[in-house]
Amino acid sequence: MGNMDNKAELLHNNQVGKEDIYDFKCKKCGKCCYNHTGIILTPYDLFWAAVKLNTSTEDIVSKYCYRYIGDQSKLPIVSVKAGSCPFHTPTGCMLGEMKPTICRMYPLGRGYVDGKIVYFNQPVTCGDRNPAQTVDDWLKLNDVFEENERFSKAWYDLISKITLFVHERNFTPRELEAFQGTLIPILYMCYDTRAYFWSQFLDRKECIERILKEI
Ligand code: SF4
Ligand code: SF4
């Protein structure tokens, strides 16, 4: 799970529409949880993980994740380490229905093309078949509802803007590091897990968009 090396190719070749048949049935064997190649977490994923474990997003990042700077995007990224997932327990995922979106949808993948959310099929050898199911059925079965997709679109939109901004600016390494350091808390930290996620995220998105205009 989480191997995004060939994501561009899959996005191009394996796109599926919401009404297309998606004949995958998960056997819940858990193999994808202890043999994955890194799971990138969004603020949405961190928020719901923090709600589930009754803690803060900072705690989730420091205990279960690592941070790095994306090669291409130059953005700070939060990820679960490759290999055996720290959220995995003998009885399954400790995040339950609030697990990261990548995990909820797997092996269905999601991307952003020309301002639109698109889904793609990742070939796997696990699971059973369920030819009566559509992509939309699969998403709903796994708690990926409209709110999740709405966040994903806003998130992709924001990170595309930041990436473009960074590539257009001629930052010195020091300036780039300072900019990235500014983004980390705004993007990922200090969400109030007793309040609505969406309004908090929108405030942060607007804040970053203002910063991009002002510097
Ligand atoms: S997605 Fe595949 S590997 Fe993962 S739990 Fe389901 S059947 Fe097992
Ligand atoms: S977060 Fe949960 S579902 Fe995702 S890889 Fe880890 S244990 Fe598996």
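Residues numbered from 1 in each chain as written. Chains lettered and ligands numbered in written order. Predicted model: local features only at pLDDT ≥ 70, side-chain atom pairs only at ≥ 80, totals over all residues.

Chemist: Can you walk me through the overall build of the protein chain in this structure?
Modeler: Regarding its fold elements, the protein chain presents eight helices and 10 strands. Relative to the 2.2 N^0.38 estimate, which gives 17 Å for 215 residues, the radius of gyration of the protein chain is 18 Å and therefore close to what a compact globule would have. A principal-axis box enclosing the C-alpha atoms of the protein chain has dimensions of 50 × 35 × 30 Å. Within the protein chain, the proportion of its 215 residues that are buried is 22%. Taking as baseline every contact in the protein chain between residues at least 6 positions apart, the subset at least 24 positions apart corresponds to 76%. (Helix = DSSP H or I, 4+ residues; strand = E, 2+ residues; numbered from the N terminus. Rg over C-alpha atoms; globule rule 2.2 N^0.38 Å. Buried ≥ 20, exposed ≤ 12 C-beta atoms within 10 Å, placed from the backbone. Contact = placed C-beta atoms within 7 Å.)

Chemist: What is the right way to read the sheet that holds strand E4 (residues 65–69) from this model?
Modeler: Picture the strands of a sheet paired through backbone hydrogen bonds; they go either parallel or antiparallel. Strand order across the open sheet formed by three strands is E3-E5-E4, with antiparallel pairing between neighbours. Two strands close off the open sheet at either side, each with one partner strand: strand E3 (39–41) and E4. If you compare each strand with its neighbour and ignore which way they point, the axes differ by 40 degrees on average. Strand direction decides the pairing type here: E3 and strand E5 (residues 76–80), joined by three bridges, are antiparallel. Bridging across to E5, Leu41 finds its partner in Val78. Those strands touched by helix H3 (residues 57–64) are E4 and E5, and its axis lies near 90 degrees from that of E4. Running at roughly 55 degrees to E5, helix H7 (residues 173–188) makes contact with E4 and E5 of the sheet. (Pairing = 2+ DSSP bridges. Axes fitted to C-alpha atoms, helices over the stretch in contact; angles between N-to-C directions.)

Chemist: Even after reading the chapter, I still don't get the environment of Pro123, so can you show me in this structure?
Modeler: As for its placement among the helices and strands, Pro123 is situated in the loop between strand E9 (116–121) and strand E10 (128–129). On the basis of neighbour count, Pro123 is assigned to the exposed category, with 7 C-beta atoms found within 10 Å. Between the C-alpha atom of Pro123 and that of Leu108, which follows or precedes it by 15 residues, the distance is 8.9 Å.

Chemist: Looking at this structure, I do not really get helix H2 (residues 43–52). What am I missing?
Modeler: An α-helical turn contains 3.6 residues, so any two residues separated by three or four positions project in the same direction. Among the 10 residues in H2, eight count as buried, and that is most of the element. Buried within H2 we find Pro43, Tyr44, Asp45, Leu46, Phe47, Trp48, Ala49 and Ala50. Residue Asn54 follows H2 closely and has a positive phi angle near 55 degrees.

Chemist: Explain unusual backbone geometry here, please?
Modeler: The omega angle of the peptide bond from Tyr106 to Pro107 is 5 degrees, so this bond is cis rather than trans. Here Pro107 shows up in the loop between helix H4 (101–105) and strand E8 (108–113). You will see that Asp114, though not glycine, has its phi angle at about 50 degrees, which is positive. Relative to the helices and strands, Asp114 is located in the loop between E8 and E9. Backbone geometry at Asp143 places phi at a positive 60 degrees, although glycine is not the residue there.

Chemist: Hey, could you run me through the site of ligand 1 in this one?
Modeler: Neighbouring ligand 1 are Cys26, Lys27, Lys28, Cys29, Gly30, Lys31, Cys32, Tyr106, Pro107, Val124, Cys126 and Gly127. Looking at side-chain class alone, the shell around ligand 1 contains seven nonpolar, two polar and three charged residues. (Near = placed C-beta within 6 Å. Nonpolar A, V, L, I, M, F, W, Y, C, P; charged D, E, K, R; others polar.)

Chemist: Help me understand the pairing of E4 in this model?
Modeler: Looking at chain direction, E4 and E5 are connected through five bridges and run antiparallel. Each residue of the ladder has a partner; that of Tyr68, found in E5, is Ile77. Hairpin connection of E4 to E5: six residues between the antiparallel strands, including Lys74 at a positive phi of 65 degrees.

Chemist: When you look at the sheet that holds E8 in this model, what are you seeing that I'm missing?
Modeler: Pairing is antiparallel across the open sheet formed by three strands, whose spatial order is E1-E9-E8. Each end of this open sheet is capped by a strand with a single partner; those strands are strand E1 (15–16) and E8. Note that E1 and E9 share two bridges and pair antiparallel. The partner of Val16 across the bridge, within E9, is Tyr119.

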